[in-house]
Protein chains: 2
Amino acid sequence: MSGYKRILLAVDLAEESSIVGERAVQLARLFGAQLHVVHVVEPLSLVYGGDIPMDMSSVQDQIQEQAQSSLDDFCEAAGVPDAHRYLIFGRPETEIHRIAMSADIDAIVVGSHGRQGLALLLGSTANGVLHGASCDVLAVRVGPGAHQSAD
Amino acid sequence: MSGYKRILLAVDLAEESSIVGERAVQLARLFGAQLHVVHVVEPLSLVYGGDIPMDMSSVQDQIQEQAQSSLDDFCEAAGVPDAHRYLIFGRPETEIHRIAMSADIDAIVVGSHGRQGLALLLGSTANGVLHGASCDVLAVRVGPGAHQSAD
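Residues numbered from 1 in each chain as written. Chains lettered and ligands numbered in written order. Predicted model: local features only at pLDDT ≥ 70, side-chain atom pairs only at ≥ 80, totals over all residues. Heavy atoms only, no water.

### Some points on the relation of the copies chain A and chain B
Here the two chain copies are tied together by a rotation about an axis and a shift along that axis.
So, point 1. Between chain A and chain B, the superposition needs a rotation of 180° and an axial shift of 0.0 Å, giving an RMSD of 0.0 Å. Both copies are brought into coincidence by an operation consistent with a two-fold rotation axis. The rotation axis passes nearest to the C-alpha of Leu138 of chain A in chain A, at a distance of 2.1 Å. (Least-squares fit on C-alpha atoms with pLDDT ≥ 70 in both.)

### Things to note about the pattern of salt bridges
So, point 1. This structure, assessed with the given rule, holds 12 salt bridges over all chains.
So, point 2. With its nearest N and O atoms 2.9 Å apart, the salt bridge here joins Arg98 of chain A to Glu95 of chain A. Remark: Glu95 of chain A and Arg98 of chain A occur in helix α4 (residues 92-102); sequence separation between them is three residues, near one turn of the helix.
So, point 3. Judged by relative accessible area, Arg98 of chain A falls into the partly exposed class, the value being 45%.
So, point 4. In this structure, Arg85 of chain B engages Asp82 of chain B in a salt bridge whose closest nitrogen and oxygen atoms are separated by 3.1 Å.
So, point 5. Taken together, the shared-partner salt bridges in this structure form one network comprising Asp72, Glu76, Asp82 and Arg85 of chain A. (Salt bridge = Lys/Arg side-chain N within 4 Å of Asp/Glu carboxyl O. Helix = DSSP H or I, 4+ residues; strand = E, 2+ residues; numbered from the N terminus. Buried < 20%, exposed > 50% of the residue type's maximum accessible area, 1.4 Å probe, protein only.)

### As for the sheet that holds strand β5 (residues 136-140) of chain B
So, point 1. Overall, mixed pairing links the 10 strands, which are arranged β3(A)-β2(A)-β1(A)-β4(A)-β5(A)-β5(B)-β4(B)-β1(B)-β2(B)-β3(B) in an open sheet. Edge positions in the open sheet fall to β3 (85-89) of chain A together with β3 (85-89) of chain B, since each of these has one partner strand only. Each strand of the sheet is rotated relative to its neighbour by a mean of 20°, with strand direction disregarded.
So, point 2. Pairing of strand β2 (residues 34-41) of chain A with β3 of chain A, which is carried by five bridges, proceeds in the parallel orientation. By the bridge assignment, His39 of chain A is partnered in β3 of chain A with Leu87 of chain A.
So, point 3. The sheet strands contacting helix α4 (residues 92-102) of chain B are β1 (6-11), β2 (34-41), β3 and β4 (107-111) of chain B, and the helix crosses β2 of chain B at an angle near 155°. (Pairing = 2+ DSSP bridges. Axes fitted to C-alpha atoms, helices over the stretch in contact; angles between N-to-C directions. Contact = heavy atoms within 4.5 Å.)

As structure tokens, then:
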């Protein structure tokens, strides 16, 4: 059985996503695989169903900028080239699957913290990614209840 | 970040489960992790909600024997010692989580073929395992629609 050749890490802005990122980097190194990184920013209008009482465009811009900055910081540190970084605006599951197909990805790494806090606005869930993925999915458990190995 | 130390492979009798098994063996080798293997046989009465028109106990026995045999065959080939093999009768998700807790597992590997054919009777689904797992879960895509890397 051949190993993974192209791994796609799906990140969000949640603090715990560094654990997910570290795991993806580790996996890519062990397999000698290319690492691709996607951050999908969900439109606030999608999250709230259009029921937004004020103009949220500046908030949306800030989210987008913060996402770009954290994506770049992570990718610089992990040695992921520009061509393998994707900042996308849309529905996380849909966009992650689209990138996975177009970049011929064989494993997606995603945090499985559910939707809490900021992740509720921005993140994608492991479950959504698992449904309809045509490749392997590693759900990295983060947040409360995450297992810590005893040794 | 430390690597996986104890990986739990959840198998069923489906033909595609060899792909899942190979991936788990590969992962355990790369991480230098112990490999544990569980096969959960679901009671037919559970699957059919007690609505079984005839005595299915001999069928259940055959399923159990076949499961034991395929579990042993796989584990012999993969070098998994007796102490790390689990043939369990019950609800897959519940039992997989129980073993994961008691054996201090840090990653579960499971096929994500959904419930089809014999797997409908016997297997567990990646989704069920993902829910409530306190460790990472690798869902290995098998069956129709599974991605084959281009090179």
